[in-house]
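A closer look at the structure
Now for the letters of each chain:
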Amino acid sequence: MVTHLELTSGQFHPILKQSVISPLLKKSTLDNDELSNYHPISNLSVMSKIIESVVISLLIDHLTSSKLLNPHQSAYCKHHSTETALLYIHDHLINAIGSQKVSHLCLLDLSAAFDTIDHNILITRLSSWFGIHGSVLSCSSLTYHLAPFV
């Protein structure tokens, strides 16, 4: 069982860091013989997923109590979703049009953003912007086991 010491020290049994990586075709219309048409899906153990849920809950509590979340944040916030984000944008556009103001909407697809981010910059920002320090930031690599292509 995961102890409070493991959460505070950031030291976990190596088996909790293991995942099985399975390839998933990005789109059904792509050539399944081309490796670049796949993205990896990491499957963690049930215990690892439980730990992840606890850590996310603690992080959200910290960000909420410290008022560090953007007020327009929808992801990972209770009673917020993609729908609430879209309603917020829609409301702002309708109000701007009603006030005869110029409105611009720029939409970006950031679905692969985490794969391309410089992790040193991410760690620096987590520390300086959100007050996250110590063992929480000293992450070690997961041990991957490749699942066979089916």
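Residues numbered from 1 in each chain as written. Predicted model: local features only at pLDDT ≥ 70, side-chain atom pairs only at ≥ 80, totals over all residues. Heavy atoms only, no water.

**Some points on the environment of N43**
Let me state the cut-off plainly: For the purposes of this entry, the term helix denotes a DSSP run of H or I that reaches at least four residues, the term strand denotes a run of E that reaches at least two, and both are numbered from the N terminus. When accessible area is computed with a 1.4 Å probe and restricted to protein chains, residues below 20% of their type maximum are described as buried, those above 50% as exposed, and intermediate ones as partly exposed.
Note on placement: N43 falls in strand β2 (residues 38–44). The exposure class assigned to N43 is partly exposed, which follows from its relative accessible area of 39%. Each C-alpha atom, one on N43 and one on I21, is 6.3 Å from the other, the two residues being 22 residues apart in sequence.

**Points about the pattern of salt bridges**
Inclusion rule: Salt bridges are defined as contacts in which a side-chain nitrogen from Lys or Arg sits within 4 Å of a carboxyl oxygen from Asp or Glu.
Applying the stated rule across the entire model yields 1 salt bridge. Two residues, E52 and K49, come together in a salt bridge whose shortest N-O distance is 3.1 Å. On the criterion of helical spacing, the pair formed by E52 and K49 is a turn pair, its members being 3 residues apart in helix α2 (residues 46–65). Assessed through its relative accessible area of 34%, E52 is described here as partly exposed. Taking relative accessible area as the criterion, K49 reaches 41% and is therefore assigned partly exposed.

**Some words on the environment of T64**
Convention followed: Whenever two N or O atoms come within 3.5 Å, that pair is a polar contact, provided that in protein one can donate a hydrogen and the other can accept it, and provided that, for residues adjacent in sequence, both atoms are side-chain atoms.
Position of T64 relative to the elements: it lies in helix α2. Sequence spacing of T64 and C77 is 13 residues, and the spatial spacing of their C-alpha atoms is 9.2 Å. From its side chain, T64 meets the backbone oxygen of I60 in a polar contact 2.7 Å long.

**Notes on a nonpolar patch on the surface**
The following threshold applies: Here the term patch refers to residues with relative accessible area over 30% and no salt bridge, with like charges joined within 9 Å and nonpolar side chains (Val, Leu, Ile, Met, Phe, Trp, Tyr) within 5 Å. Using a 1.4 Å probe, the Shrake-Rupley method yields the accessible areas, and only the shown protein chains count as cover for residues.
Together, L86, Y88, I89, L105 and L107 make up a nonpolar patch on the protein surface, roughly 500 Å² of accessible area in all. With respect to the element layout, L86 can be found in helix α3 (residues 82–98). Judged by relative accessible area, L86 falls into the exposed class, the value being 55%.

**Some thoughts on the layout of surface pockets**
Under the convention used in this document: Grid points spaced at 1 Å and placed over the protein atoms alone form the basis of the search, with a cavity being a set where a 1.4 Å probe fits but cannot get out and a pocket an open set showing protein on both sides within 12 Å along at least five of seven lines. Lining residues have an atom within 4 Å of a point. Grid points are joined across faces, edges and corners, and a volume is the space filled by probe spheres set on the points. When residue character is reported, Ala, Val, Leu, Ile, Met, Phe, Trp, Tyr, Cys and Pro are called nonpolar, Asp, Glu, Lys and Arg charged, and the others, Gly included, polar.
In this model, the second largest pocket occupies a volume close to 250 Å³. Every residue lining the second largest pocket is counted, 13 residues in all, and those nearest its centre are I60, T64, Y76, C77 and K78. Its residues assigned to classes, the lining of the second largest pocket comprises 6 nonpolar, 5 polar and 2 charged.

**Points about unusual backbone geometry**
Phi is positive for K67, close to 55 degrees, though the residue is something other than glycine. Mapped onto the secondary structure, K67 falls in the loop between α2 and α3. On the accessibility criterion, K67 (73% relative accessible area) is exposed. Positive phi, close to 55 degrees, is recorded for Q100, a residue that is not glycine. You can see Q100 is positioned in the loop between α3 and α4 (113–116). For Q100, a relative accessible area of 77% gives the class exposed.

**Let's talk about the side chain of S19**
Mapped onto the fold, S19 is located in strand β1 (residues 18–25). In this structure the side chain of S19 is engaged in a polar contact, spanning 3.0 Å, whose partner is the side chain of S42.

These results come straight from atomic positions and should not be treated as a statement about function.
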